[in-house]
Amino acid sequence: MHHDIFNGDADGLCSLLQLRLAQPIPDAIRITGTKRDTLLLAQVPDLHGSSITVLDISLDRNREFLLRLLHQGNRIQYIDHHYAGDIPRSHLLTACIDQRPDICTSLLVNALIGGKYGKWAVCGAFGDNLDIPARQLARELVLSEDRIQQLQETGELLNYNSYGETVDDLHIAPLALYAGMAQFDDPLDFFAQSPLLPRLRLGFQADLEQALRIKEHGLAGKNRVYFFPDTAWARRVSGVFANRKATEKTDAAHALMTSNRDGSWRISVRAPLSDSRDADTLCRKFPTGGGRAGAAGVTSLPHAMLDSFLAEFQRMYQ
């Protein structure tokens, strides 16, 4: 029995969809979650001699569970762009990992399958706030500006839906969203025909209206920090809000702090788009932190460490 393990954000969804359109496995068992549900390999039951595909989650965060599955004789394909650390050596592991800041898993899958479903890769790249690579691929596909904007909105709405403390925070569970997407080979048809995107669009507009009322936290220098309350709307819109602010002021780093129910902080960090580096390095210095060079986060920062995080954030992006 094959298992597909994938991040529930735009990049994870679009990566798996491309791969399964090109290489169908109809009876695959799928495991996913919110964007910050990164320890997904922990959810894989004891398997022996099976096959697994892993998309868009950090190998380093899942190392213990990956080694267990390899020890049990499972053949694993691992495609990702987050910090990986040392990649295990095993004839059972096929790893395609590229940690450059201008790459995402959707673009890696696009290359692996020969560009057969490139428009879905454009959506995934836009969802990961990689506008320049997304537009470059869109130009190679000879798409009009109107079509590009439709793919951009699709990617951003898919990504918006992935942010939450639990799946209950989301408008649409990622497995259900994937099932709706999988009915379309072409994301432009998904944009025009699916009832899911209008639902996400309405939710996004309502959430963004509330987010735009949040004032910037007073911070010396060019960088910007925002504090969001412990509400479902704040958790849902946090990622897209951070991406928009990063695009708005490209020479600044951005940190969005959302209060968790237990009093800790869920943090989204965006490195300056003009100097896309070290967001993952910063976040990995704190418990539950991880990500990639341009965008990273901390799932549950203890309140007592908040001042230390802000000081390190400022030091990293002077």
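We now turn to the structure provided with this report. (Residues numbered from 1 in each chain as written. Predicted model: local features only at pLDDT ≥ 70, side-chain atom pairs only at ≥ 80, totals over all residues. Heavy atoms only, no water.)

Quick word on empty space enclosed by the protein
Then step 1. Per the counting criterion, the structure on display carries 2 cavities of 30 Å³ or more.
Then step 2. Taken as a whole, the largest cavity spans an internal volume of roughly 360 Å³.
Then step 3. Taken together, 28 residues make up the lining of the largest cavity; nearest its centre are Lys-35, Arg-36, His-82, Gly-290 and Gly-291.
Then step 4. Listed by contribution, the elements that provide at least two residues to the lining of the largest cavity are strand S8 (265–270), strand S9 (289–291) and strand S10 (295–301).
Then step 5. If one sorts the elements of the lining of the largest cavity by residue count, S10 sits on top with 4 residues.
Then step 6. Its residues assigned to classes, the lining of the largest cavity shows 4 nonpolar, 16 polar and 8 charged.
Then step 7. Put simply, the second largest cavity is a space of about 30 Å³.
Then step 8. Ser-58, Asp-60, Arg-61, His-82, Tyr-83, Arg-284, Gly-289, Gly-290 and Gly-291 are the residues that line the second largest cavity.
Then step 9. Each residue belonging to the lining of the second largest cavity can be placed in one class, and the counts come to 1 nonpolar, 5 polar and 3 charged. (1 Å grid on protein atoms, 1.4 Å probe; cavity = no way out; pocket = protein on both sides within 12 Å on 5 of 7 lines; lining within 4 Å. Points joined across faces, edges and corners; volume = space filled by probe spheres on them. Helix = DSSP H or I, 4+ residues; strand = E, 2+ residues; numbered from the N terminus. Nonpolar A, V, L, I, M, F, W, Y, C, P; charged D, E, K, R; others polar.)

Here we look at the sheet that holds strand S3 (residues 51–55)
Within a sheet, adjacent strands bond to each other through the backbone by hydrogen bonds, running parallel or antiparallel.
Then step 1. The parallel open sheet is built from 5 strands, whose spatial order is S2-S1-S3-S4-S5. Both outer strands of the open sheet, strand S2 (29–31) and strand S5 (93–97), are each paired with one neighbouring strand and no more. Looking at each pair of strands side by side, their axes are set apart by 10 degrees on average, direction ignored.
Then step 2. Of the strand pairs in this sheet, strand S1 (residues 2–6) and S3 are connected by 5 bridges, and their pairing is parallel. Within S3, the residue paired with His-2 across the bridge is Ser-51.
Then step 3. The sheet strands contacting helix H3 (residues 105–112) are S3, strand S4 (75–80) and S5, and the helix crosses S4 at an angle near 120 degrees. (Pairing = 2+ DSSP bridges. Axes fitted to C-alpha atoms, helices over the stretch in contact; angles between N-to-C directions. Contact = heavy atoms within 4.5 Å.)

Points about the pattern of salt bridges
Then step 1. Summed over the entire model, instances satisfying the criterion amount to 23 salt bridges.
Then step 2. Between Arg-68 and Asp-46 there is a salt bridge whose closest N-O contact spans 3.3 Å. Note that Arg-68 is positioned in helix H2 (residues 63–71) and Asp-46 in the loop between S2 and S3, a separation of 22 residues in sequence.
Then step 3. A single network of salt bridges, built from pairs that share partners, joins Glu-165, Asp-169, Asp-230, Arg-235 and Arg-261. (Salt bridge = Lys/Arg side-chain N within 4 Å of Asp/Glu carboxyl O.)

As for the layout of surface pockets
Then step 1. By volume, the largest pocket is sized at about 330 Å³.
Then step 2. Forming the boundary of the largest pocket are 17 residues, of which Asn-129, Leu-130, Asp-131, Ile-132 and Leu-273 lie nearest the centre.
Then step 3. If you list the elements that add at least two residues to the lining of the largest pocket, you get helix H5 (131–140) and helix H10 (232–248).
Then step 4. It is H5 that contributes the most residues to the lining of the largest pocket, 3 residues altogether.
Then step 5. Classifying every residue of the lining of the largest pocket gives 8 nonpolar, 4 polar and 5 charged.
Then step 6. One number sums up the size of the second largest pocket: a volume of about 240 Å³.

With respect to helix H7 (residues 174–181)
Then step 1. The set of residues buried in H7 consists of Pro-174, Leu-177, Tyr-178, Gly-180 and Met-181. Buried residues of H7, viewed axially, fall in a sector of 160 degrees; they line one side. (Buried < 20%, exposed > 50% of the residue type's maximum accessible area, 1.4 Å probe, protein only. Arc of directions from axis to C-beta.)

Thoughts on the packing of helix H4 (residues 118–127) against helix H6 (residues 145–160)
Then step 1. Remark: H4 packs on H6, axes separated minimally by 7 Å, with the N-to-C direction vectors making an angle of 55 degrees. With respect to H6, the element H4 is oriented oblique. In this structure, H4 crosses over H6, and the sense of that crossing is right-handed. Across the interface between the two elements, Lys-119, Val-122, Cys-123, Phe-126 and Gly-127 of H4 pack against Ile-148, Leu-151, Gln-152, Thr-154, Gly-155, Glu-156 and Asn-159 of H6.
Then step 2. In terms of residue class, the contact of H4 with H6 is made up of 5 nonpolar, 5 polar and 2 charged. (Parallel < 35°, antiparallel > 145°, perpendicular 65-115°, else oblique. Left-handed = near helix turned anticlockwise from the far one by under 90°.)

Description of the pairing of S3
Then step 1. Counting buried residues along S3, 4 of its 5 residues qualify, which places the element largely inside the surrounding structure.
Then step 2. The pairing of S3 with S4 spans 5 bridges and is classified as parallel. Note on S4: the bridge partner recorded for Leu-55 is Ile-79.
Then step 3. Tracing the backbone out of S3, into H2 and back to the parallel element S4 gives a crossover that is right-handed. (Right-handed = clockwise from strand over helix to strand, strands pointing away.)

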